[in-house]
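Breakdown of the fold
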Amino acid sequence: MRRIVLVRHGESVWNAQGRIQGHSCGGLAEHGRAQAAAVAGALAAEYPDAHVVSSDLPRAAETAAAVAAALDCAVEPDPAVRERSFGRWEGRTRDQMAADDPDLWRRWSSGEDVVAEVGGEANDVFGDRVEAAFHALWERTQDGATTIVVTHGGTIWHGTHRVLRLAPATLGGVHNTSTTHLVLTDGGTIQCERWNEIGHLPLNLRNGRVGDGNGRVMGM
């Protein structure tokens, strides 16, 4: 059996401001750094021999650094697990998008995928990328081992739906520094042991942004 533990980054500055991120945004907000410390301690206790992989975007890399420090190991950057690009919408708030692109915003709010029209990654393109990335991670994980992957809400949401062959929007949101535990069994079956687990977070750290994987809650 091989295990991948998917960790969403801590609350970022743009999460706190309600801005959509994609490939943009700087690092973590103070709240997010506290979340990162909490998840790092929990993961080190449960998976002391795990390998750590991270998206190369700053908010994930900063979270991964806390996890790696707790495990006393290095971080392997992996651009394949980046969040999706949101093109020209990156950095904007909900009100700004509604004002600047009213038709696109209306269609997006009704569930239509319009991200490619603003220069970002469409659902199917993004889904293909992260599904391939998940399978590559399992290939790099030895039998009986665990790889911790610090990444983004959209990556976790779309990737998990893809590898589990779930209908769209089956799963709920992804909390900052939640953990999702996927295993590849010896028989080749992929199973989800835990989804969006936040039991390691004190109550005062559970109020970060929760995204639905499509960015409709601003900032992933």
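Rules and cut-offs
Residues numbered from 1 in each chain as written. Predicted model: local features only at pLDDT ≥ 70, side-chain atom pairs only at ≥ 80, totals over all residues. Heavy atoms only, no water. Axes fitted to C-alpha atoms, helices over the stretch in contact; angles between N-to-C directions. Helix = DSSP H or I, 4+ residues; strand = E, 2+ residues; numbered from the N terminus. Left-handed = near helix turned anticlockwise from the far one by under 90°. Contact = heavy atoms within 4.5 Å. Nonpolar A, V, L, I, M, F, W, Y, C, P; charged D, E, K, R; others polar. pLDDT = per-residue confidence, 0-100. Pairing = 2+ DSSP bridges.

Taken N-terminus to C-terminus, the directions of helix 2 (residues 30–46) and helix 3 (residues 58–71) make an angle of 35°; their axes are 8 Å apart at the nearest point. Note that helix 2 runs across helix 3; the crossing there is right-handed. Across the interface between the two elements, Arg-33, Ala-36, Val-39, Ala-40, Leu-43 and Ala-44 of helix 2 pack against Glu-62, Thr-63, Ala-66, Val-67, Ala-70 and Leu-71 of helix 3. Residues that form the contact of helix 2 with helix 3 fall into these classes: 9 nonpolar, 1 polar and 2 charged.

On to the confidence of the model for the protein, then. Residues with a pLDDT of 70 or more make up 94% of the protein, whose mean pLDDT is 93. Counting interchain partners and residues more than four positions distant, the pLDDT-below-50 stretch residues 215–219 has 28 contacts.

Bringing the sheet that holds strand 2 (residues 51–54) into the picture now. In spatial order, the strands read 3-2-4-1-6-7; together these 6 strands make up an open sheet with mixed pairing. One side of each edge strand has no neighbouring strand; the edge strands of this open sheet are strand 3 (75–77) and strand 7 (190–197). The sheet shows a mean angle of 20° between the axes of neighbouring strands, direction not considered. Strand direction decides the pairing type here: strand 6 (residues 179–184) and strand 7, joined by 5 bridges, are antiparallel. From the neighbouring strand, Thr-179 faces strand 7, where its bridge partner is Glu-197.

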